[in-house]
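One letter stands for each residue in the lines below.
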Amino acid sequence: MNETIAIFASARRDGNTGKLIDWIASELDIDIIDLGKKNISAFDYDHRNINDDFLPLLDELLKYKNILFVTPVYWYAASAQMKVFIDRTSDLLDVEELKSIGRRLRNKTAYVVCTSISPEVDSSFLTSFKDMFEYLGIDYGGHIHADCENGYDPHKYTDDVKKFIQSVKCSL
Ligand SMILES: Cc1cc2nc3c(=O)[nH]c(=O)nc-3n(C[C@H](O)[C@H](O)[C@H](O)COP(=O)(O)O)c2cc1C
(Lines give C-alpha, C1' and ligand atoms only; values in the text may rest on other atoms or scores of the structure.)
Protein backbone atom coordinates (compact mmCIF):
# COMPACT_ATOMS: atom_id res chain seq x y z
CA MET A 1 0.00 0.00 0.00
CA ASN A 2 1.14 3.54 -0.69
CA GLU A 3 2.39 5.19 2.49
CA THR A 4 1.46 8.76 1.58
CA ILE A 5 -1.87 10.61 1.40
CA ALA A 6 -2.79 14.22 0.60
CA ILE A 7 -5.50 16.27 2.27
CA PHE A 8 -6.48 19.14 0.01
CA ALA A 9 -8.44 22.26 0.91
CA SER A 10 -8.95 25.07 -1.58
CA ALA A 11 -12.01 27.13 -2.47
CA ARG A 12 -11.78 25.56 -5.95
CA ARG A 13 -10.80 22.00 -6.91
CA ASP A 14 -9.31 22.83 -10.27
CA GLY A 15 -7.41 25.96 -9.30
CA ASN A 16 -3.69 26.47 -8.85
CA THR A 17 -3.36 24.34 -5.73
CA GLY A 18 -5.50 21.57 -7.23
CA LYS A 19 -3.31 21.46 -10.32
CA LEU A 20 -0.11 21.37 -8.28
CA ILE A 21 -1.31 18.51 -6.07
CA ASP A 22 -2.70 16.58 -9.06
CA TRP A 23 0.79 16.68 -10.57
CA ILE A 24 2.52 15.63 -7.34
CA ALA A 25 -0.09 12.94 -6.61
CA SER A 26 0.27 11.42 -10.07
CA GLU A 27 4.07 11.26 -9.67
CA LEU A 28 3.78 9.70 -6.21
CA ASP A 29 0.74 7.61 -7.19
CA ILE A 30 -1.18 8.71 -4.10
CA ASP A 31 -4.79 9.59 -3.28
CA ILE A 32 -6.05 13.09 -2.61
CA ILE A 33 -8.79 13.67 -0.07
CA ASP A 34 -10.73 16.86 -0.78
CA LEU A 35 -11.74 18.39 2.55
CA GLY A 36 -14.38 20.40 0.66
CA LYS A 37 -16.26 17.16 0.06
CA LYS A 38 -16.25 16.24 3.75
CA ASN A 39 -18.78 17.33 6.30
CA ILE A 40 -16.40 18.66 8.94
CA SER A 41 -17.73 21.47 11.06
CA ALA A 42 -15.85 24.06 13.09
CA PHE A 43 -14.47 23.20 16.51
CA ASP A 44 -17.13 22.97 19.19
CA TYR A 45 -16.15 23.01 22.89
CA ASP A 46 -19.12 20.74 23.60
CA HIS A 47 -18.16 18.32 20.79
CA ARG A 48 -21.72 18.15 19.50
CA ASN A 49 -20.20 17.57 16.06
CA ILE A 50 -18.33 14.41 17.09
CA ASN A 51 -20.30 12.30 14.58
CA ASP A 52 -19.39 14.31 11.51
CA ASP A 53 -16.71 13.24 8.99
CA PHE A 54 -13.70 14.27 11.11
CA LEU A 55 -13.09 11.00 12.98
CA PRO A 56 -13.64 8.69 9.97
CA LEU A 57 -11.21 10.91 8.03
CA LEU A 58 -8.68 10.65 10.81
CA ASP A 59 -9.03 6.86 10.84
CA GLU A 60 -8.18 6.93 7.15
CA LEU A 61 -5.18 9.25 7.61
CA LEU A 62 -3.75 7.07 10.37
CA LYS A 63 -3.20 4.30 7.81
CA TYR A 64 -0.45 6.39 6.21
CA LYS A 65 3.07 7.36 7.22
CA ASN A 66 3.20 10.68 5.34
CA ILE A 67 0.44 13.26 5.18
CA LEU A 68 0.59 16.16 2.72
CA PHE A 69 -1.33 19.24 3.89
CA VAL A 70 -2.36 20.99 0.67
CA THR A 71 -3.72 24.54 0.73
CA PRO A 72 -3.45 27.89 -1.00
CA VAL A 73 -2.31 30.88 1.05
CA TYR A 74 -5.42 32.91 1.84
CA TRP A 75 -4.70 36.05 3.84
CA TYR A 76 -1.27 34.84 5.06
CA ALA A 77 -2.82 31.64 6.39
CA ALA A 78 -4.26 28.28 5.37
CA SER A 79 -7.64 28.08 3.64
CA ALA A 80 -10.72 28.12 5.88
CA GLN A 81 -11.41 24.43 5.17
CA MET A 82 -7.86 23.47 6.19
CA LYS A 83 -8.09 25.62 9.32
CA VAL A 84 -11.34 23.91 10.35
CA PHE A 85 -9.63 20.53 9.98
CA ILE A 86 -6.62 21.70 12.02
CA ASP A 87 -8.85 23.16 14.75
CA ARG A 88 -10.67 19.85 15.02
CA THR A 89 -7.47 18.05 15.97
CA SER A 90 -8.11 19.72 19.34
CA ASP A 91 -10.85 17.10 19.81
CA LEU A 92 -8.02 14.59 20.11
CA LEU A 93 -6.51 16.52 23.00
CA ASP A 94 -9.84 17.30 24.73
CA VAL A 95 -11.94 14.15 24.56
CA GLU A 96 -10.61 11.40 26.83
CA GLU A 97 -11.64 8.54 24.52
CA LEU A 98 -9.91 10.20 21.57
CA LYS A 99 -6.53 10.83 23.19
CA SER A 100 -5.15 7.48 22.07
CA ILE A 101 -6.03 8.39 18.48
CA GLY A 102 -4.14 11.67 18.89
CA ARG A 103 -1.09 9.80 20.13
CA ARG A 104 -1.09 7.69 16.97
CA LEU A 105 -0.29 10.82 14.97
CA ARG A 106 3.07 11.00 16.70
CA ASN A 107 5.04 8.86 14.29
CA LYS A 108 3.72 10.58 11.16
CA THR A 109 5.59 12.93 8.85
CA ALA A 110 3.76 15.95 7.46
CA TYR A 111 4.53 18.11 4.43
CA VAL A 112 2.99 21.37 3.26
CA VAL A 113 2.02 21.87 -0.38
CA CYS A 114 0.94 25.44 -1.06
CA THR A 115 0.44 28.12 -3.70
CA SER A 116 0.22 31.89 -3.47
CA ILE A 117 0.93 34.97 -5.56
CA SER A 118 4.19 35.75 -3.78
CA PRO A 119 7.72 34.73 -4.78
CA GLU A 120 8.20 32.97 -1.42
CA VAL A 121 5.64 31.63 0.99
CA ASP A 122 5.27 33.75 4.13
CA SER A 123 7.33 32.41 7.01
CA SER A 124 4.36 32.97 9.35
CA PHE A 125 2.24 30.66 7.17
CA LEU A 126 4.83 27.89 7.38
CA THR A 127 5.56 28.53 11.04
CA SER A 128 1.93 28.00 11.97
CA PHE A 129 2.01 24.57 10.30
CA LYS A 130 5.38 23.66 11.83
CA ASP A 131 4.23 24.69 15.31
CA MET A 132 1.01 22.73 14.94
CA PHE A 133 2.91 19.62 13.80
CA GLU A 134 5.35 19.96 16.69
CA TYR A 135 2.53 20.33 19.21
CA LEU A 136 0.93 17.13 17.93
CA GLY A 137 4.28 15.30 17.84
CA ILE A 138 4.26 15.01 14.04
CA ASP A 139 7.59 15.29 12.20
CA TYR A 140 7.84 18.09 9.64
CA GLY A 141 9.15 16.79 6.31
CA GLY A 142 9.30 20.01 4.30
CA HIS A 143 7.22 22.07 1.90
CA ILE A 144 6.74 22.98 -1.71
CA HIS A 145 5.39 26.35 -2.80
CA ALA A 146 4.30 27.49 -6.26
CA ASP A 147 4.22 31.20 -7.04
CA CYS A 148 1.10 31.68 -9.17
CA GLU A 149 1.26 35.44 -9.53
CA ASN A 150 1.05 35.07 -13.31
CA GLY A 151 -1.18 32.03 -13.16
CA TYR A 152 -0.24 28.40 -12.77
CA ASP A 153 2.85 27.69 -14.88
CA PRO A 154 4.10 24.11 -14.30
CA HIS A 155 7.40 24.73 -16.12
CA LYS A 156 8.40 27.13 -13.34
CA TYR A 157 8.07 24.45 -10.66
CA THR A 158 9.58 21.40 -12.37
CA ASP A 159 12.78 21.34 -10.31
CA ASP A 160 10.97 22.04 -7.06
CA VAL A 161 8.42 19.31 -7.72
CA LYS A 162 11.16 16.81 -8.55
CA LYS A 163 13.04 17.65 -5.34
CA PHE A 164 9.85 17.51 -3.30
CA ILE A 165 8.85 14.12 -4.69
CA GLN A 166 12.33 12.80 -4.04
CA SER A 167 12.24 13.97 -0.42
CA VAL A 168 8.85 12.33 0.18
CA LYS A 169 10.05 9.08 -1.40
CA CYS A 170 13.31 9.14 0.59
CA SER A 171 11.44 9.47 3.88
CA LEU A 172 9.77 6.08 3.37
C1 LIG B 1 -9.19 34.90 -0.32
C2 LIG B 1 -7.81 34.95 -0.91
C3 LIG B 1 -6.77 35.39 -0.13
C4 LIG B 1 -5.47 35.40 -0.65
N5 LIG B 1 -4.43 35.80 0.15
C6 LIG B 1 -3.17 35.74 -0.31
C7 LIG B 1 -2.06 36.09 0.52
O8 LIG B 1 -2.21 36.44 1.69
N9 LIG B 1 -0.80 36.02 -0.01
C10 LIG B 1 -0.59 35.62 -1.31
O11 LIG B 1 0.57 35.60 -1.75
N12 LIG B 1 -1.62 35.25 -2.10
C13 LIG B 1 -2.90 35.30 -1.65
N14 LIG B 1 -3.95 34.93 -2.45
C15 LIG B 1 -3.66 34.35 -3.78
C16 LIG B 1 -3.72 32.82 -3.75
O17 LIG B 1 -2.90 32.30 -2.71
C18 LIG B 1 -3.24 32.22 -5.08
O19 LIG B 1 -3.93 32.77 -6.16
C20 LIG B 1 -3.39 30.71 -5.03
O21 LIG B 1 -2.61 30.13 -6.05
C22 LIG B 1 -4.85 30.32 -5.21
O23 LIG B 1 -4.97 28.93 -5.18
P24 LIG B 1 -6.37 28.24 -5.58
O25 LIG B 1 -6.51 28.38 -7.07
O26 LIG B 1 -6.24 26.83 -5.14
O27 LIG B 1 -7.42 29.00 -4.82
C28 LIG B 1 -5.23 34.95 -1.98
C29 LIG B 1 -6.32 34.54 -2.76
C30 LIG B 1 -7.58 34.53 -2.24
C31 LIG B 1 -8.74 34.05 -3.10
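See the structure shown above.
Analysis parameters
- Residues numbered from 1 in each chain as written.
- Predicted model: local features only at pLDDT ≥ 70, side-chain atom pairs only at ≥ 80, totals over all residues.
- Heavy atoms only, no water.
- Near = heavy atom within 4 Å.
- Polar contact = N/O pair within 3.5 Å; in protein donor to acceptor, adjacent residues only side chain to side chain.
- Areas by Shrake-Rupley, 256 points an atom, 1.4 Å probe, with all protein chains shown as cover.
- 1 Å grid on protein atoms, 1.4 Å probe; cavity = no way out; pocket = protein on both sides within 12 Å on 5 of 7 lines; lining within 4 Å.
- Sits in = over half its atoms within 2 Å of the grid points.
- Helix = DSSP H or I, 4+ residues; strand = E, 2+ residues; numbered from the N terminus.
- Nonpolar A, V, L, I, M, F, W, Y, C, P; charged D, E, K, R; others polar.
- Core = buried A, V, L, I, M, F, W, Y, C linked by side-chain atoms within 4.5 Å.
- Buried < 20%, exposed > 50% of the residue type's maximum accessible area, 1.4 Å probe, protein only.
- Contact = heavy atoms within 4.5 Å.
- Axes fitted to C-alpha atoms, helices over the stretch in contact; angles between N-to-C directions.
- Parallel < 35°, antiparallel > 145°, perpendicular 65-115°, else oblique.
- Left-handed = near helix turned anticlockwise from the far one by under 90°.

## Some points on the site of the ligand
Consideration 1: What surrounds the ligand is a group of 15 residues, the closest being Thr-17, Val-73, Tyr-74, Thr-115 and Ser-118.
Consideration 2: For the ligand, an oxygen atom lies 2.7 Å from a polar atom in the side chain of Thr-115.
Consideration 3: Alone, the ligand offers 630 Å² of accessible surface; in the complex the protein occludes 76% of this.
Consideration 4: Structurally, the ligand is housed in the largest pocket.
Consideration 5: Those elements that provide at least two residues to the shell around the ligand are helix H1 (16–28) and strand S4 (109–116).
Consideration 6: A breakdown of the residues in the shell around the ligand according to their chemical character gives 7 nonpolar, 7 polar and 1 charged.

## A word on the nonpolar core
Consideration 1: By size, the foremost hydrophobic cluster in this structure holds 36 residues, and its most contacted members are Ile-7, Leu-61, Phe-69, Met-82, Phe-85, Phe-125 and Phe-129.
Consideration 2: Elements represented by at least two residues in this core include exactly strand S1 (4–8), helix H2 (54–61), strand S3 (66–72), helix H3 (80–88), S4 and helix H6 (123–136).
Consideration 3: With 6 residues, the top contributor of residues to this core is H6.
Consideration 4: Those residues in contact with Phe-85 that lie beyond four places of it in its chain are Ile-7, Leu-35, Ile-40, Phe-54, Leu-57, Leu-58, Leu-61 and Phe-69.

## Considering the packing of H1 against helix H7 (residues 158–170)
Consideration 1: The geometry of H1 relative to H7 is characterised by a closest axis approach of 11 Å and an angle of 45° between their N-to-C directions. By the angle between their axes, H1 is oblique relative to H7. Where H1 crosses over H7, the handedness of that crossing is right-handed. Together, Leu-20, Trp-23, Ile-24, Glu-27 and Leu-28 of H1 and Thr-158, Val-161, Phe-164, Ile-165, Val-168 and Lys-169 of H7 make up the contact between the two elements.
Consideration 2: Each residue belonging to the contact of H1 with H7 can be placed in one class, and the counts come to 8 nonpolar, 1 polar and 2 charged.

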